[in-house]
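Here's the letter readout for the chains.
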Amino acid sequence: MPWTVLTRMWKLMRDLRDETLPQLERLGLAPNDPWLLASIEHHHHPTEVVRLTQMPAPTVSQMLKRLEAEGLLVRSLDPSDLRRYRFELTARGYEVLKESRTLLMSAMERRLERLTPEQRRQFVELLDILAQSEGEKVGKE
């Protein structure tokens, strides 16, 4: 059963990626770029992004350089620690992030429409339970 769950989760994410990839490419984005831009929106240091995304540091570094070259990010020295760089989304970066979120949410919404409102609520609750860390408690909202 666990392998079946993992396989279906992987298939859902792969299908969402495949469905949205042509539109993401028109925005100049690779499949993982929306997640990286979303990470930079709140976590401005590359080390934080590596920890958050669980991607290898060299991969994140190359992705950040590419997104910076495309004008979606700007790099600067961290004023509180001049040994560190920080990244910020540019106005264009925010716009591209917004558009990519809309694309991904629309694709997911089409799938969620197959569920009743009660099934959707249960689905979110079950995902919260499965996503929690060992020993962590998920509270009701």
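Structure report, in brief.

Quick notes on the rules
- One numbering rule holds for all chains: residues counted from 1, following each sequence as written.
- Residues qualify for local features only when their pLDDT is at least 70, as the model is predicted, and side-chain atom pairs are given and counted only at 80 or more; totals for whole chains, interfaces and linings, by contrast, use all residues.
- To get the side-chain values, all heavy atoms of the structure are used, and hydrogens and water are removed first.
- Secondary structure counts use DSSP, requiring at least four H or I residues in a row for a helix and at least two E residues in a row for a strand, with both numbered from the N terminus.
- The span expected for a helix works out to 1.5 Å for each residue beyond the first.
- Residue burial is assigned from relative accessible area. The probe radius is 1.4 Å, only protein chains are included, and a residue is buried under 20% of its type maximum, exposed over 50%, and partly exposed in between.
- For salt bridges, the criterion is a side-chain nitrogen of Lys or Arg within 4 Å of an Asp or Glu carboxyl oxygen.
- Exposure above 30% relative accessible area and the lack of any salt bridge qualify a residue for a patch; like charges then connect within 9 Å, and the nonpolar side chains Val, Leu, Ile, Met, Phe, Trp and Tyr within 5 Å.
- With residues, only the protein chains shown are counted as cover, and all accessible areas are computed by Shrake-Rupley using a 1.4 Å probe.
- Think of each axis as a best-fit line through the C-alpha atoms, taken over the contacting stretch in the case of a helix, with angles from 0 to 180 degrees between the N-to-C directions.
- If an angle is under 35 degrees, it is roughly parallel; if it is over 145, roughly antiparallel; if it lies from 65 to 115, roughly perpendicular; otherwise it is oblique.
- Handedness of a crossing follows from how the near helix is turned relative to the far one, being left-handed for an anticlockwise turn of less than a right angle and right-handed for a clockwise one.
- Residues count as neighbours in contact if any of their non-hydrogen atoms are within 4.5 Å of one another.
- Under the grouping applied here, Gly and all other residues not named as nonpolar or charged are polar, the nonpolar ones being Ala, Val, Leu, Ile, Met, Phe, Trp, Tyr, Cys and Pro and the charged ones Asp, Glu, Lys and Arg.
- Only buried Ala, Val, Leu, Ile, Met, Phe, Trp, Tyr and Cys residues count toward a nonpolar core, and they belong to the same one when joined by side-chain atoms within 4.5 Å.

Let's talk about helix α1 (residues 2-26)
Argument step 1. With 25 residues, α1 ought to run about 36 Å at 1.5 Å a step, and its terminal C-alpha atoms sit 36 Å apart, in line with that.
Argument step 2. Residues of α1 that are buried: L16, T20, L21 and L24.
Argument step 3. Looking one or two residues past α1, G28 carries a phi angle of roughly 85 degrees, positive in sign.

Remarks on the pattern of salt bridges
Argument step 1. Summed over the entire model, instances satisfying the criterion amount to 15 salt bridges.
Argument step 2. In this structure, R120 and E109 form a salt bridge, with 2.8 Å as the shortest nitrogen-oxygen distance. You can see R120 sitting in helix α6 (residues 117-131) and its partner E109 sitting in helix α5 (residues 91-112), a full 11 residues away along the chain.
Argument step 3. Accessibility expressed as a relative area gives 25% for R120, which makes it partly exposed.
Argument step 4. With a shortest N-O distance of 2.3 Å, E118 and R121 are connected by a salt bridge. Pair noted here: E118 and R121 are both in helix α6, with a separation of three residues, about one helical turn.
Argument step 5. Exposure remark for R121: the relative accessible area of 38% places this residue in the partly exposed category.
Argument step 6. Salt bridges linked by common partners bring K11, R14 and D15 together as one network.

Description of a nonpolar patch on the surface
Argument step 1. A grouping of M1, W3, V5, L6 and M9 is seen on the molecular surface, where their side chains present a nonpolar patch of about 620 Å² in accessible area.
Argument step 2. As for its placement among the helices and strands, M1 is situated in the segment before α1.

Re the packing of α1 against α5
Argument step 1. Where α1 contacts α5, the two axes come as close as 10 Å, and the packing angle between them is 135 degrees. When the axis of α1 is compared with that of α5, the two are oblique. As for how α1 packs across α5, the hand of that crossing is right-handed. Residues L12, D15, L16, E19, T20, Q23 and L24 of α1 lie in contact with α5, whose contacting residues are S100, L103, L104, A107, M108, R110 and R111.
Argument step 2. Partitioning the contact of α1 with α5 into residue classes produces seven nonpolar, three polar and four charged.

A short note on the environment of H43
Argument step 1. Within the element layout of this structure, H43 appears in the loop between α2 (33-42) and α3 (46-53).
Argument step 2. Taking C-alpha positions, H43 is 25 Å from L16, a pair spaced 27 residues apart along the chain.
Argument step 3. When residues no more than four places from it in sequence are discounted, the contact partners of H43 are E48, V49 and L52.

Notes on the nonpolar core
Argument step 1. Among the nonpolar cores identified, the biggest contains 19 residues, and L29, L36, L37, I40, L64, L67 and L73 are the most heavily contacted of them.
Argument step 2. Those elements giving two or more residues to this core turn out to be α2, α4 (57-69), β2 (81-89) and α5.
Argument step 3. With near-sequence residues (within four places) excluded, L73 lies in contact with L37, I40, L64, L67, E68, F87, E88, L89 and T90.

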